[in-house]
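One-letter residues, chain by chain:
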Amino acid sequence: MDDQKQIVLVGMDIDAETKDEKNLETINEEQWVNDSSVDHKGRRPLRASTGVWKAALFIIAIEFGERLSYFVISTNLIVYLTRVVHQDLKTAAKNVNYWSGVTTMMPLLGGFLADAYFGRFPMVLISSTVYVLGLILLTMSELIPGLKPCDVVCQHRSPKVHEVVFFIAIYLISIGTGGHKPSLESFGADQFDENHEQERKKKMSYFNWWNFGLCSGLILGVTVVAHIQQKISWAAGDIIITVVMIATIAVFCAGRPFYRYRNAKQGSPLTPMIQVIVAAIIKRNLPYPSNPAQLHNETNHPTRQTDKFRFLDKAAIVEDSNKEEIQKAVSTISTPTKIQRNPWRLATVTSVEDLKLLLNMIPIWLTTLTFGICLAQATTFFIKQGTHMNRKIGSRGFELPPASTYCLAAIGMILSICFYDRILVPRLRKATGNERGINILPRIGIGMVITMLAMVIAALVERKRLSVAHSSSGKTLMSVFWLAPQFLVFGIGDGFALVGLQEYFYSQSPESMRSLGIALYLSVLGVADFLSSMLITVVDQLSGMNGRSSWFGKDMNESRIDNFYWLLAGMNGMNLIVYTLLARKYTYKNSIKNKISNTSSDDNV
């Protein structure tokens, strides 16, 4: 009996040692990041010393500097073009929309290059250099006598000289933004391990606090720097934004030891997508296999297949000529199992599903364009409204710069983000068990509804402004703070819709195309800017037919911008019906259905 007891005790000791070893192995594994990232020396990242907020804060810092520069330019651009370059309202609004459109379309190229060739960190440095060159040229166009703008008439040179240099400078900034914006935002999101529960929750807050930093830069830019431009000189403001941009680039580089890096995929990430389409067309007459496992998959873990766009599944059907080679490859012990194949005739299930992800996003992309058109008005007609209103504050007659009114939108967005991240989401997590609190597409839809309300408010305020201006022959001006409701509501809508769009296009894109995913979000705004310009042209022609006055006159008091706002509100309302139908049927990539525990203090920034 003693021997049996001793054997039992020994067995218990062995079991205890085995459990301790497994626990120790789990703890050791927890110390390391489990995704495909590496640290700045190319090693597997240590979780405690890399990534998460310790890295993200350096990245948000450079976003603060870039957005400060961008919004100083974008919100003052229509004022600059009408007052300094002496363009009429319609031409200036179109030029603002063209520049904004190019600026937000360029990320498609920058995101593609980052994902395919350069990698996100190098792309941020390259594009930031181009950005700074644009800022320096912009400053030179205000300081060098031969390039400076003419007050009224140029005596010794063409007035177009300054205009040409000015536009070259701001379009250089567009090119810089093209690589900077998608690479930086996706690089920041890469600092959070999606396979780790606590980091995954923090990642859901990342886009909220990213936009908090963005809005902080915006507020400083459109208040302090805009006031310096109006009261001191345009050149002084340009010098400030150039210095700030250079300083935040230095801060970004200082965070290099804390970052987690993803190596760029060699070659275009779009090529496998095109190969899927070609292979599916070639094999369009083949019957679907009875067993999905018969489709070609090069990974050791089966790829989750979706039922949408089943035609594309034919691209992964193994033809008779490949079956023998695949059977030989499967019978070997080598890992992973790969065969020699013609990618234009045989695609992998992974490539097919990646293409499905992109196609699944197209309807959502299309139905958010009207939201983007509404967004374009905030930096054009909203700002121009402020120039025809009383901007004096206090007895000393301090005059608020027109662009400063845009900070109210940023304040609204900050309030919206704080409420959503700190109050709404924790309560919804407890109530629904959904890790996000609320799914991404409903969040975007809520923002679109609020934006439609902002356009209605803007129309009512503009109608009131016109009635006051016409009744007093322009001698009495409404206070600029009448614009506060439309800007604040507009910003609250952005806190839901804009942040939701960023998270949607990043999270629903294929792993190898995350920068391009952010670029797709920005392309919504870019295409919307072009559509806004086209809409202005069409409405201008239609409203001015048969001798009637156009909605877009030479200045704001001769225009009927309120009617244009009503048109946009109506368009947004009809579009919302289509968007809601699409959102209800949408299937999310890697949707998390597990119940979660209460949010702990570790979720805090």
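Quick caveat: nothing in here was measured; it's all calculated off a predicted structure. (Residues numbered from 1 in each chain as written. Predicted model: local features only at pLDDT ≥ 70, side-chain atom pairs only at ≥ 80, totals over all residues. Heavy atoms only, no water.)

### Details of the packing of aromatic side chains
Turning to step 1, where the next piece is worked out: Overall, the coordinates contain 35 aromatic pairs when judged by the stated rule.
Turning to step 2, where the next piece is worked out: Aromatic pair Y259 and Y261: ring centres 6.2 Å apart, planes at 75 degrees, arrangement edge-to-face.
Turning to step 3, where the next piece is worked out: A connected cluster of aromatic rings, assembled from ring pairs, spans Y70, F71, W99, F382, Y406, F487, F490 and Y565.
Turning to step 4, where the next piece is worked out: The residue whose ring lies beneath R67 is Y70, and the NZ or CZ to ring-centre distance is 4.1 Å.
Turning to step 5, where the next piece is worked out: Between the NZ or CZ atom of R443 and the centre of the ring of Y420, over which it lies, the distance is 3.7 Å. (Phe/Tyr/Trp six-rings, centres within 6.5 Å; stacked < 30°, edge-to-face > 60°. Lys NZ or Arg CZ within 6 Å of the ring centre and 35° of its normal.)

### Regarding the pattern of salt bridges
Turning to step 1, where the next piece is worked out: The final tally for this structure, using the stated rule, is 16 salt bridges.
Turning to step 2, where the next piece is worked out: Residue E63 is joined to R67 by a salt bridge in which the shortest nitrogen-to-oxygen separation is 3.8 Å. Residue E63 and its partner R67 are located together in helix 2 (residues 52–83), separated by 4 residues, close to a single helical turn. Comparing E63 with R67 shows no difference in burial state: the two are buried.
Turning to step 3, where the next piece is worked out: Residues D562 and R463 are paired through a salt bridge, measuring 3.3 Å at the closest nitrogen-oxygen approach. Taken together, the residues D562 in helix 17 (residues 561–585) and R463 in helix 14 (residues 440–471) connect sequence positions 99 residues apart.
Turning to step 4, where the next piece is worked out: Given a relative accessible area of 0%, D562 falls into the buried group.
Turning to step 5, where the next piece is worked out: Owing to a relative accessible area of 42%, R463 belongs among the partly exposed residues under this scheme. (Salt bridge = Lys/Arg side-chain N within 4 Å of Asp/Glu carboxyl O. Helix = DSSP H or I, 4+ residues; strand = E, 2+ residues; numbered from the N terminus. Buried < 20%, exposed > 50% of the residue type's maximum accessible area, 1.4 Å probe, protein only.)

### A word on unusual backbone geometry
Turning to step 1, where the next piece is worked out: Phi at H86 takes a positive value of approximately 65 degrees, unusual for a residue other than glycine.
Turning to step 2, where the next piece is worked out: If you trace the backbone, H86 turns up in the loop between helix 2 and helix 3 (89–118).
Turning to step 3, where the next piece is worked out: Residue H86 is classed as partly exposed on the basis of its relative accessible area of 47%.

### What to know about empty space enclosed by the protein
Turning to step 1, where the next piece is worked out: Enumeration according to the criterion identifies 2 cavities of 30 Å³ or more in this entry.
Turning to step 2, where the next piece is worked out: Here the largest cavity is characterised by a volume of approximately 460 Å³.
Turning to step 3, where the next piece is worked out: Forming the walls of the largest cavity are 31 residues, and the residues nearest its centre are Y70, F71, L375, Y406 and L525.
Turning to step 4, where the next piece is worked out: Looking at the lining of the largest cavity, the elements with two or more residues in it are helix 2, helix 3, helix 5 (160–189), helix 6 (197–231), helix 11 (369–376), helix 13 (407–432), helix 15 (484–507) and helix 16 (514–543).
Turning to step 5, where the next piece is worked out: Of the residues forming the lining of the largest cavity, the biggest block, 6 residues, is contributed by helix 3.
Turning to step 6, where the next piece is worked out: Of the residues assigned to the lining of the largest cavity, the class counts are 18 nonpolar, 9 polar and 4 charged.
Turning to step 7, where the next piece is worked out: Roughly 100 Å³ of internal volume is contained in the second largest cavity.
Turning to step 8, where the next piece is worked out: Every residue lining the second largest cavity is listed: V72, I73, N76, L77, Y80, L138, E142, F166, Q229, W234 and D238.
Turning to step 9, where the next piece is worked out: Listing elements by their share of the lining of the second largest cavity, those giving two or more residues are helix 2, helix 4 (120–143) and helix 7 (234–254). (1 Å grid on protein atoms, 1.4 Å probe; cavity = no way out; pocket = protein on both sides within 12 Å on 5 of 7 lines; lining within 4 Å. Points joined across faces, edges and corners; volume = space filled by probe spheres on them. Nonpolar A, V, L, I, M, F, W, Y, C, P; charged D, E, K, R; others polar.)

### Considerations on a nonpolar patch on the surface
Turning to step 1, where the next piece is worked out: The grouping of L133, I136, M140, L143, I144, I239 and V243 at the surface amounts to a nonpolar patch, some 570 Å² of accessible area in total.
Turning to step 2, where the next piece is worked out: Of all the elements in the fold, those that place two or more residues in the nonpolar patch are helix 4 and helix 7.
Turning to step 3, where the next piece is worked out: The residue V243 is located in helix 7 in this model.
Turning to step 4, where the next piece is worked out: Residue classification places V243 among the exposed positions, given a relative accessible area of 52%. (Patch = residues over 30% accessible without salt bridge, like charges linked within 9 Å, V, L, I, M, F, W, Y side chains within 5 Å. Areas by Shrake-Rupley, 256 points an atom, 1.4 Å probe, with all protein chains shown as cover.)

### Side note on the packing of helix 14 against helix 15
Turning to step 1, where the next piece is worked out: Running from N to C, helix 14 and helix 15 point in directions that differ by 155 degrees, and their axes come no closer than 7 Å. Looking at the two axes, helix 14 sits roughly antiparallel to helix 15. Judged by the twist between their axes, the crossing of helix 14 over helix 15 is left-handed.
Turning to step 2, where the next piece is worked out: Here the residues of the contact of helix 14 with helix 15 are counted per class, giving 21 nonpolar, 7 polar and 2 charged. (Axes fitted to C-alpha atoms, helices over the stretch in contact; angles between N-to-C directions. Parallel < 35°, antiparallel > 145°, perpendicular 65-115°, else oblique. Left-handed = near helix turned anticlockwise from the far one by under 90°.)

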